[in-house]
Amino acid sequence: MKIFRATVAAAFIAAICVGSIRAQQPRPGTATPTTGTSAPAVNLPETKIALVNSDEFNDEKAGIVRLVVAMKKVDTEFGPRRTELQTLQTQIEKATADLAKVQAMQTPVVNQQQQEKIDQMKRDFQRKGEDAQGAYQKRLQEVIGPIYEEIGKALDAYAKVHGITLILDVTKVQGIVSASDSLDITKAFITEFNSKNPATAAVTAPK
């Protein structure tokens with residue numbers, strides 16, 4: 001069971017509608033059935049659609065526990081790098097403020113030297129920030145990627161058990177104006193997944 005985007009869903013629904021219309025229209029070159037003549041029956045597949053909100057999977061209080069725990073562990077791993085960046089930012093702000101206070105009392109050469117140091121600190125901050133962000137995203141993908149694969153397989157199994165033909169992720173689909181609450185399987189799926197997949201699996205250590 002795949003979580004289709006809006007274009008796929010629209011094409012799917014359109015195909016059903018078009019198929020139904022075509023079934024009611026005579027083909028070119030054929031006579032219109034006279035009154036009392038029964039048209040041949042058209043067997044259309046039964047379709048059961050459900051909605052899921054994948055944003056709720058990582059909700060700290062009501063989400064998928066294994067996913068939430070994994071994300072917190074990765075966040076903890078990067079705590080020291082976050083602290084380093086915060087410290088560097090504080091140093092930049094202090095150096096900038098100090099220079100502004102004494103700039104008028106110093107020679108242009110001294111001011112230029114201090115400004116160059118501040119500019120270098122800013123470049124270091126930007127580089128370290130970009131490196132940390134890239135490393136964080138890579139690590140997060142390493143950790144939660146397999147979990148999302150498990151979630152996908154579990155959704156597939158859930159759909160088969162409940163006779164669901166199509167699951168749409170409302171965070172990806174555009175144009176859903178209104179839908180019955182009975183179509184939303186998010187909470188029921190999360191409850192089932194948590195009961196079958198306790199958050200005991202260890203997060204692999206960074207390479």
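Preceding this section is the structure that the text describes.
Residues take numbers from 1 onward in each chain, read along the sequence in its written order. Local features in this predicted model are restricted to residues whose pLDDT is 70 or higher, and side-chain atom pairs enter the listing and the counts only when it is 80 or higher, whereas totals over whole chains, interfaces and linings include all residues. Each side-chain value is worked out from all heavy atoms of the structure, with water and hydrogens disregarded.

(A) Representation of the packing of aromatic side chains within the structure. Side-chain rings of Phe, Tyr and Trp, where Trp is taken by its six-membered ring, are said to pair if the distance between their centres is within 6.5 Å; with planes under 30 degrees apart they count as stacked, over 60 as edge-to-face, and otherwise as tilted. Under the definition given, this model contains four aromatic pairs. Ring geometry for Phe57 and Phe189: centres 5.9 Å apart, planes at 50°, overall tilted. Within this pair, whereas Phe57 is found in the loop between strand S2 (49-52) and helix H2 (65-77), its partner Phe189 is found in helix H5 (residues 186-196), the two being separated by 132 residues in sequence. Take Phe57 and Phe189: they sit in the same class, and that class is buried. Ring centres 5.4 Å apart and planes at 85° place the aromatic pair Phe78 and Tyr136 in the edge-to-face group. Linking Phe78 in the loop between H2 and helix H3 (79-102) with Tyr136 in helix H4 (residues 108-161), this pair joins segments that are 58 residues apart in sequence. Counting from the N terminus, the helices are DSSP H or I runs at least four residues long and the strands are E runs at least two residues long. Each residue gets one of three labels from its accessible area relative to the maximum for its type: buried under 20%, exposed over 50%, partly exposed in between, using a 1.4 Å probe on protein chains only.

(B) Quick look at the nonpolar core. Here, nonpolar core means buried Ala, Val, Leu, Ile, Met, Phe, Trp, Tyr and Cys residues that are tied together by side-chain atoms lying within 4.5 Å of each other. Judged by nonpolar contacts, the single largest core of 23 residues is most densely connected at Phe57, Ile64, Ile151, Ile185 and Phe189. Elements supplying a minimum of two residues to this core: S2, H2, H4 and H5. Two residues qualify as a contact provided that any one of their heavy atoms is within 4.5 Å of a heavy atom in the partner residue. In this structure Ile64 touches Phe57, Ile151, Phe189, Ile190, Phe193 and Asn194, once residues within four positions along its chain are discounted.

(C) Inspection of H5 at higher detail. Every buried residue belonging to H5 is among Thr186, Phe189, Ile190 and Phe193, and all of these are buried. Down the axis of H5, the buried side of the element spans an arc of 100°, and every buried residue falls inside it. Residues of H5 that are exposed and point over 90 degrees away from its buried face: Lys187, Thr191 and Ser195. Those residues of H5 hidden inside the fold are in contact with S2 and H4. The arc in question is the one spanned by the directions pointing from the helix axis to the C-beta atoms.

(D) Quick peek at the packing of H2 against H4. With axes taken as lines fitted to C-alpha atoms, and helix axes fitted only over the stretch in contact, angles between N-to-C directions fall between 0 and 180 degrees. Two elements in contact, H2 and H4, have axes whose closest approach is 10 Å; the angle formed by their N-to-C orientations is 170°. The angle between the axes of H2 and H4 places the two elements in the roughly antiparallel class. The segment H2 lies against H4, with Arg66, Leu67, Ala70, Met71, Val74, Asp75 and Glu77 engaging Tyr136, Arg139, Leu140, Val143, Ile144, Ile147, Tyr148, Glu150 and Ile151. Residues are grouped as follows: Ala, Val, Leu, Ile, Met, Phe, Trp, Tyr, Cys and Pro are nonpolar; Asp, Glu, Lys and Arg are charged; every other residue, Gly included, is polar. Classifying every residue of the contact of H2 with H4 by side-chain character gives 11 nonpolar, no polar and five charged. Roughly parallel means an angle under 35 degrees; roughly antiparallel means over 145; roughly perpendicular covers 65 to 115; every other angle is labelled oblique.

(E) Broad picture of H4. An expected span of 1.5 Å times one less than the residue number is assigned to each helix. Helix length check: H4, at 54 residues, gives a terminal C-alpha distance of 76 Å against a target of 80 Å (1.5 Å per residue), a fit within 8%. Of the residues trailing H4, Gly163 is marked for its positive phi of about 65°.

(F) Up close: the pattern of salt bridges. By convention in these notes, a salt bridge is any Lys or Arg side-chain nitrogen within 4 Å of a carboxyl oxygen on Asp or Glu. The final tally for this structure, using the stated rule, is 10 salt bridges. The closest approach of N and O atoms between Arg139 and Glu142, which form a salt bridge, is 3.5 Å. On the criterion of helical spacing, the pair formed by Arg139 and Glu142 is a turn pair, its members being three residues apart in helix H4. Across the pair Lys196 and Glu192 runs a salt bridge whose closest N-O atoms are separated by 3.6 Å.

(G) Local environment of the environment of Gln126. Considering the arrangement of structural elements, one finds Gln126 in helix H4. As a C-alpha pair, Gln126 and Gln89 span 37 residues in sequence and 9.9 Å in three-dimensional space.

(H) Focus on the environment of Tyr158. As for its position among the elements, Tyr158 is in helix H4. Along the chain, Tyr158 and Glu192 lie 34 residues apart, while their C-alpha atoms are 8.9 Å from each other. If sequence neighbours within four positions are ignored, Tyr158 has contacts with Ile164, Ile185, Ala188, Phe189 and Glu192.

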